[in-house]
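# Overview (structure and organization)
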Amino acid sequence: MTTHAPRTAQSVTLPASLDEAVAALSAMPAAVPVAGGTDLMAAVNKGQLRPAGLVGLGRISEIRGWRYQDGHALLGAGLTHARMGRPDFAALIPALAASARAAGPPQIRNAGTLGGNIASSAPTGDSLPVLAALEADLVIAGPGGARREIPVSHLLAGREMLGPAELIGFVRVPLLHAPQVFLKATGRTGPGRATASVAVVLDPARRGVRCAVGAIAPMPLRPLEAERWIGSLIDWDGERGLEGEALTAFGEYVAAACIPDPAPAPEGQEQQVLSPAVLHLRRTVAALARRALGRALS
Ligand SMILES: Cc1cc2nc3c(=O)[nH]c(=O)nc-3n(C[C@H](O)[C@H](O)[C@H](O)COP(=O)(O)OP(=O)(O)OC[C@H]3O[C@@H](n4cnc5c(N)ncnc54)[C@H](O)[C@@H]3O)c2cc1C
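The rules behind the values
- Residues numbered from 1 in each chain as written.
- Predicted model: local features only at pLDDT ≥ 70, side-chain atom pairs only at ≥ 80, totals over all residues.
- Helix = DSSP H or I, 4+ residues; strand = E, 2+ residues; numbered from the N terminus.
- Rg over C-alpha atoms; globule rule 2.2 N^0.38 Å.
- Buried ≥ 20, exposed ≤ 12 C-beta atoms within 10 Å, placed from the backbone.
- Contact = placed C-beta atoms within 7 Å.
- Pairing = 2+ DSSP bridges.
- pLDDT = per-residue confidence, 0-100.
- Near = placed C-beta within 6 Å.
- Nonpolar A, V, L, I, M, F, W, Y, C, P; charged D, E, K, R; others polar.
- Axes fitted to C-alpha atoms, helices over the stretch in contact; angles between N-to-C directions.
- Parallel < 35°, antiparallel > 145°, perpendicular 65-115°, else oblique.
- Left-handed = near helix turned anticlockwise from the far one by under 90°.
- Core = buried A, V, L, I, M, F, W, Y, C linked by C-beta atoms within 7 Å.
- Domains from an automatic or database assignment.

## Overview of the overall build of the chain
Within the chain, the secondary structure is distributed over 12 helices and 12 strands. For 298 residues, the compact-globule formula gives about 19 Å, and the C-alpha radius of gyration of the chain, at 21 Å, lands near that figure. Here the chain holds 298 residues, and the buried ones make up 43% of them. Of the contacts made within the chain by residues no fewer than 6 positions apart, 62% connect residues no fewer than 24 positions apart.

## Concerning the environment of Gly 47
Structurally, the position occupied by Gly 47 is in the loop between helix H2 (40-45) and strand E4 (53-56). Remark: the alpha-carbon pair of Gly 47 and Ala 100, spanning 53 residues in sequence, is separated by 28 Å.

## What about the environment of Ala 263?
When you line up the elements, Ala 263 lands in the loop between helix H11 (244-258) and helix H12 (276-297). A count of 8 C-beta atoms within 10 Å places Ala 263 in the exposed class. Considered as a pair, Ala 263 and Val 273 are 10 residues apart in the sequence and their alpha carbons are 9.3 Å apart.

## Some thoughts on the pairing of strand E6 (residues 72-76)
The sheet contact formed by strand E5 (residues 66-69) and E6 spans 4 bridges and is antiparallel. Within E6, the residue paired with Arg 67 across the bridge is Leu 74. Looking at chain direction, E6 and strand E9 (residues 167-174) are connected through 5 bridges and run antiparallel. Across the sheet, Gly 76 pairs through a bridge with Phe 170, a residue of E9.

## Re unusual backbone geometry
In the Ramachandran plot, Glu 135 falls in the positive-phi region, its phi being about 55° despite a non-glycine side chain. Take Glu 135: it is sitting in the loop between helix H8 (127-134) and strand E7 (137-142). A positive phi angle, near 50°, is found at Arg 207, a position not held by glycine. According to the C-beta neighbour criterion, Arg 207 is exposed, with 12 such atoms within 10 Å.

## A few points about the confidence of the model for the chain
This prediction gives the chain a mean pLDDT of 95; 97% of its residues lie at or above 70. Ignoring residues within four places in sequence, the model shows residues 1-6, a span with pLDDT below 50, making 7 contacts including any to other chains.

## What to know about the site of the ligand
Taken together, 30 residues lie around the ligand, and Gly 36, Gly 104, Gly 112, Gly 115 and Gly 116 are the ones closest in. Listing elements by their share of the shell around the ligand, those giving two or more residues are strand E3 (31-34), H2, helix H6 (106-111), helix H7 (114-120) and E9. At 5 residues, the largest contribution of residues to the shell around the ligand is made by H7. In the shell around the ligand, the residues fall into 15 nonpolar, 12 polar and 3 charged.

## Observations regarding the packing of helix H10 (residues 224-233) against H11
Direction vectors running N to C along H10 and H11 enclose 165°, while the axes themselves pass 9 Å from each other. What the angle tells us is that H10 and H11 run roughly antiparallel. The handedness of the crossing between H10 and H11 is right-handed. Contacts between H10 and H11 involve Glu 225, Ala 226, Trp 229, Ile 230 and Leu 233 from the former and Ala 246, Phe 250, Tyr 253, Val 254 and Ala 257 from the latter.

## Concerning the nonpolar core
In this structure, Val 198, Ala 199, Val 200, Cys 211, Val 254, Val 285 and Ala 289 are the most contacted members of the largest nonpolar core, which totals 86 residues. The dominant element in this core, judged by the number of residues it contributes, is H12, at 8 residues. The contacts of Ala 199, once residues within four sequence positions are left out, are Ala 95, Pro 129, Val 130, Ala 133, Phe 182, Cys 211 and Ala 212.

## What about the sheet that holds E5?
Spatially, E5-E6-E9-E7-E8 is the arrangement adopted by the 5 strands of the open sheet, whose pairing is antiparallel. The strands lining the two open edges of the sheet, one partner per strand, are E5 and strand E8 (146-151). The average undirected angle you get between the axes of adjacent strands in this sheet is 25°.

## A short note on the domain arrangement of the chain
According to the domain assignment, the chain contains domain 1 (2-56), domain 2 (62-174) and domain 3 (180-297). Relative placement of domain 2 and domain 3: their C-alpha centres are 23 Å apart. Contact residues are listed per partner, giving 18 residues for domain 2 and 23 residues for domain 3. At the level of secondary structure, the elements contributing two or more residues to the side of domain 2 that touches domain 3 comprise helix H5 (94-101) and H8. A per-element tally of the side of domain 2 that touches domain 3 places H8 first, with 6 residues. Taken together, the residues of the side of domain 2 that touches domain 3 break down into 14 nonpolar, 3 polar and 1 charged.

Structure, rendered in structure tokens:
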């Protein structure tokens, strides 16, 4: 179906399937896909973007739900934050549900989608550190019914990009059946963009802790050494608890890995120090990581 929306775009196409959407984008390379429109229409309204055409994804039912697949959940890119925040989804992927509940005010959560959050790749995207910690993959739909899979982290790091007329169709997330936590600091009360966020995921099968820090860099950061160190301290066959000092040390390890001290100055030059604002951010990351791990292990 094609209608005309002269002020924003020459044409709006509303396909009913992923392949139809890809075909519409192939037929009109200057058109852009729009899901909930919370990011895209904000850019249009600010005059930052004037797309020649829009391909709406809102009528594609195949990407609005999820299904099980080989120990994974295959999440449709059109899942809204509101849907992911519900209890049945939270029982499946608790950290992603927590990030969805934290993503903006209710109007935004009702319209904004998982695929839009990933494609926008804003540093403050709340789903992104969770997907990085879960080591999720994207299923990308391309022309001619093609499907390819890439790690989410590759897209976020710019190692692999969406090609012409390609769409994020699904997100493949491993089901770990273990505690996972997402925490976010906003610097204000009520809904707001993250100043820092932390996702902690336990992976008992691999005897590992996976952690990702969001909002403090262009993409989520993984403190791999801190993950390995804390994973080696946990009694995976026993209580899985840790002393308070170990949790604190983990928080500081994560924070120092993500916000390192400046390199020592060459002889004769003044030593750089972290500014008070950066030190505050580092303390925030340390507190979030400590609390997130404490909750995951409690
Ligand atoms: C007031 C306000 C508050 C917000 N607060 C938060 C917050 O707290 N946390 C947070 O994470 N985000 C927040 N956001 C950002 C936004 O709501 C989310 O990023 C949302 O998930 C975007 O999804 P969407 O469906 O609206 O994307 P759209 O706006 O429809 O699209 C965004 C981009 O993704 C592309 N795109 C969409 N779907 C696909 C797909 N399947 N394949 C390929 N490309 C695609 C579009 O072409 C566009 O470039 C906020 C936004 C607003 C306006």
